[in-house]
Amino acid sequence: MKRILITLAIALTATMAYAKTLVVYYSYTNNVHNIVTALTGQIDADVVIIEPAEKGLDYAANNYAIGSAQIAAIRNNPDDPASYPAIDPVDVDPADYDCIIIGAPLWWSQMASPLQAYLFENGPAMAGKKIGLIVSSASSGISGVERDARRLIPGGDFFPVPLWVRSSQTGNAATMIAEWLKTIKYSELSGIETPESDRNLANCTIFSVDGRLIGSDVLSLQSLDRGLYIVNGKKIYLNN
Ligand SMILES: Cc1cc2nc3c(=O)[nH]c(=O)nc-3n(C[C@H](O)[C@H](O)[C@H](O)COP(=O)(O)O)c2cc1C
């Protein structure tokens, strides 16, 4: 009991510096969108959606001709700004973030061209940041997308493994993301913790992330739904 009280006292007085995370994604048929929705149910992050400037393009028509041509243009001349499709302006500065997670559809074994366009402009400003990569493909392996990400974010401090979610696995994304976040030790970066020892504390205060008091003397956190909570002033992701 004494040890628990000491742990609690430390938890109450600790001031955590939280990392700021930005999620940047493009999604044509909503798979990456759904994956990012699952991701932001588990981490605190600002989100930017990349939109091609030219609206209404059917990238899948004629055996994916438009997407194919855009990818080929970049592959043939990756250093030329003219190789990249125009995108809508993005009003967020990557310099304001510690961690950037890229959500990318795979097109012809490469990163989808609108996202490459964003990173061609903004990737160099991400030097020194922690970079996470989540890729969605129908079936192709994602090594080409990883190479694109490393080329476009040359100084990025990449997490050691990317997350690959095949389109058929999109419904299972929340579980895959939870595992991936554990694998890359995201909690160590963000100050979000899932300490087993904190799960049965007496006298702990539990708030939802939107500030609602959920409990003030809860002995067990096991009954709460999976999600992000503020326990004794610390952000904790409960993977129940
Ligand atoms: C232009 C284009 C090219 C694609 N090329 C491939 C490919 O080479 N291999 C593959 O497995 N999937 C390919 N796909 C499928 C997408 O990677 C897959 O559907 C992904 O989930 C799309 O993500 P989104 O729904 O967020 O756009 C392609 C899709 C498009 C639109």
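Now for a quick tour of the structure. (Residues numbered from 1 in each chain as written. Predicted model: local features only at pLDDT ≥ 70, side-chain atom pairs only at ≥ 80, totals over all residues. Heavy atoms only, no water.)

For the rest of this paragraph, the subject is the environment of Lys 234. Relative to the helices and strands, Lys 234 is located in strand 11 (residues 234-238). For Lys 234, a relative accessible area of 12% corresponds to the buried category. For the pair Lys 234 and Ile 206, spaced 28 residues apart in sequence, the C-alpha to C-alpha distance is 9.4 Å. (Helix = DSSP H or I, 4+ residues; strand = E, 2+ residues; numbered from the N terminus. Buried < 20%, exposed > 50% of the residue type's maximum accessible area, 1.4 Å probe, protein only.)

Next up on the list: the pattern of salt bridges. Counting across every chain of the model gives five salt bridges. Ionic pairing is found between Asp 157 and Lys 130, a salt bridge with its closest N-O pair at 3.4 Å. Residue Asp 157 is located in strand 6 (residues 157-158), and its partner Lys 130 is located in strand 5 (residues 130-137); the two are separated by 27 residues in the primary sequence. Taking the shortest distance from any N to any O, the salt bridge between Arg 212 and Asp 210 comes out at 3.4 Å. The exposure class of Asp 210 is exposed, given its relative accessible area of 57%. (Salt bridge = Lys/Arg side-chain N within 4 Å of Asp/Glu carboxyl O.)

This brings us to the side chain of Ser 27. Looking at the secondary structure, you find Ser 27 in the loop between strand 1 (21-25) and helix 2 (31-40). Within the local environment of Ser 27, its side chain forms a polar contact with the backbone nitrogen of Asn 30, the two atoms lying 3.0 Å apart. For Ser 27, the side chain forms a polar contact with the main-chain nitrogen of His 33, separated by 3.3 Å. When neighbours within four sequence positions are excluded, Ser 27 is seen to be in contact with Val 32, His 33 and Pro 105. (Polar contact = N/O pair within 3.5 Å; in protein donor to acceptor, adjacent residues only side chain to side chain. Contact = heavy atoms within 4.5 Å.)

Right, let's talk about the site of the ligand for a bit. Taken together, 19 residues lie around the ligand, and Ser 27, Thr 29, Leu 106, Ser 136 and Ser 140 are the ones closest in. One of the backbone N or O atoms of Val 32 is found 2.8 Å from an oxygen atom in the ligand. Across the complex, the protein chains shield 89% of the 630 Å² of accessible surface that the ligand would expose by itself. The cavity where the ligand resides is the largest pocket. Looking at the shell around the ligand, the elements that each hand over two or more residues are helix 2, helix 3 (61-76), strand 3 (99-107) and strand 5. With three residues, strand 3 is the single largest residue contributor to the shell around the ligand. In terms of residue class, the shell around the ligand is made up of eight nonpolar, eleven polar and no charged. (Near = heavy atom within 4 Å. Areas by Shrake-Rupley, 256 points an atom, 1.4 Å probe, with all protein chains shown as cover. 1 Å grid on protein atoms, 1.4 Å probe; cavity = no way out; pocket = protein on both sides within 12 Å on 5 of 7 lines; lining within 4 Å. Sits in = over half its atoms within 2 Å of the grid points. Nonpolar A, V, L, I, M, F, W, Y, C, P; charged D, E, K, R; others polar.)

The values are spatial; any link to function lies outside them.
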